[in-house]
Amino acid sequence: MAWGHYEVSNSFVEGQFSDAEVENEDETDVQLEAQVEAAMFNPPLYKQRYERVAKILREKRIKSVVDFGCAECFFIKYLKNINPELEKIIGVDIDGALLRDKRFLTM
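Trainee: Hey, could you go over the packing of helix 2 (residues 45-60) against helix 3 (residues 74-82) for me, with residue numbers and the actual values?
Mentor: Between helix 2 and helix 3, the shortest axis-to-axis distance is 11 Å and the interhelical angle comes to 45°. Considering their axes alone, helix 2 and helix 3 lie oblique with respect to each other. Judged by the twist between their axes, the crossing of helix 2 over helix 3 is right-handed. Packed against helix 2, whose contacting residues are Tyr-50, Glu-51, Val-53, Ala-54, Leu-57 and Arg-58, the element helix 3 presents Phe-74, Phe-75, Tyr-78, Leu-79 and Ile-82 at the interface. When the residues that make up the contact of helix 2 with helix 3 are grouped by side-chain class, the tally is nine nonpolar, no polar and two charged.

Right, dumping it as structure tokens:
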């Protein structure tokens, strides 16, 4: 169970929600954010950030990277594909279970 709050008629109600309820809300937020971002930025802002960081890594000839808050490891996968000269990429996230699930996808 996760603790949180939700808004009802402009007032906040605190309570306990199931992990599934929290996860579904997070997925909806991510989808909405992606739609808004796509409407405002072309290419999407995350791609612009990825490309800029990759360019800096190449220019500075950096060989090791730590991605704090790596979550789904999308940036790590991007770096592996775009910067093969990187010798070490480390992902750090508060969700240990997520990292264990994703570790084989990034090898």
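Continuing now.
Trainee: Describe the nonpolar core, listing the residues and the values that go with them.
Mentor: Judged by nonpolar contacts, Tyr-50, Ala-54, Leu-57, Val-65, Phe-75, Leu-79 and Leu-86 together constitute the single largest core of seven residues. At the level of elements, helix 2 and helix 3 are the ones that each hand at least two residues to this core. Among the elements that make up this core, the one with the highest residue count is helix 2 (three residues). Beyond its immediate chain neighbours, meaning those up to four positions away, Val-65 contacts Leu-57, Leu-79, Leu-86, Lys-88, Ile-89 and Ile-90.

Trainee: Now, about the pattern of salt bridges: what can you tell me, with residues and values included?
Mentor: Two side chains that carry opposite charge are able to pair once their charged atoms sit near each other. Tallied over the entire structure, the rule returns one salt bridge. The salt bridge involving Glu-59 is made with Lys-55; its shortest N-O contact spans 3.9 Å. With Glu-59 and Lys-55 both in helix 2 and four residues apart, this pair spans about one turn of that helix. Glu-59 gets classed as exposed once you look at its relative accessible area, which sits at 51%. Judged by relative accessible area, Lys-55 falls into the partly exposed class, the value being 39%.

Trainee: Describe unusual backbone geometry, listing the residues and the values that go with them.
Mentor: A positive phi angle, near 55°, is found at Arg-61, a position not held by glycine. Tracing the backbone shows Arg-61 in the loop between helix 2 and strand 3 (64-68). Judged by its relative accessible area of 70%, Arg-61 is exposed.

Trainee: Explain the side chain of Asp-67 to me, and be specific about the residues and the numbers.
Mentor: Turning to its location among the elements, Asp-67 is positioned in strand 3. The contact partners of Asp-67, leaving out residues within four places of it in the chain, are Phe-75, Ile-76, Ile-90, Gly-91 and Val-92.

Rules of the game
- Residues numbered from 1 in each chain as written.
- Predicted model: local features only at pLDDT ≥ 70, side-chain atom pairs only at ≥ 80, totals over all residues.
- Heavy atoms only, no water.
- Axes fitted to C-alpha atoms, helices over the stretch in contact; angles between N-to-C directions.
- Helix = DSSP H or I, 4+ residues; strand = E, 2+ residues; numbered from the N terminus.
- Parallel < 35°, antiparallel > 145°, perpendicular 65-115°, else oblique.
- Left-handed = near helix turned anticlockwise from the far one by under 90°.
- Contact = heavy atoms within 4.5 Å.
- Nonpolar A, V, L, I, M, F, W, Y, C, P; charged D, E, K, R; others polar.
- Core = buried A, V, L, I, M, F, W, Y, C linked by side-chain atoms within 4.5 Å.
- Buried < 20%, exposed > 50% of the residue type's maximum accessible area, 1.4 Å probe, protein only.
- Salt bridge = Lys/Arg side-chain N within 4 Å of Asp/Glu carboxyl O.

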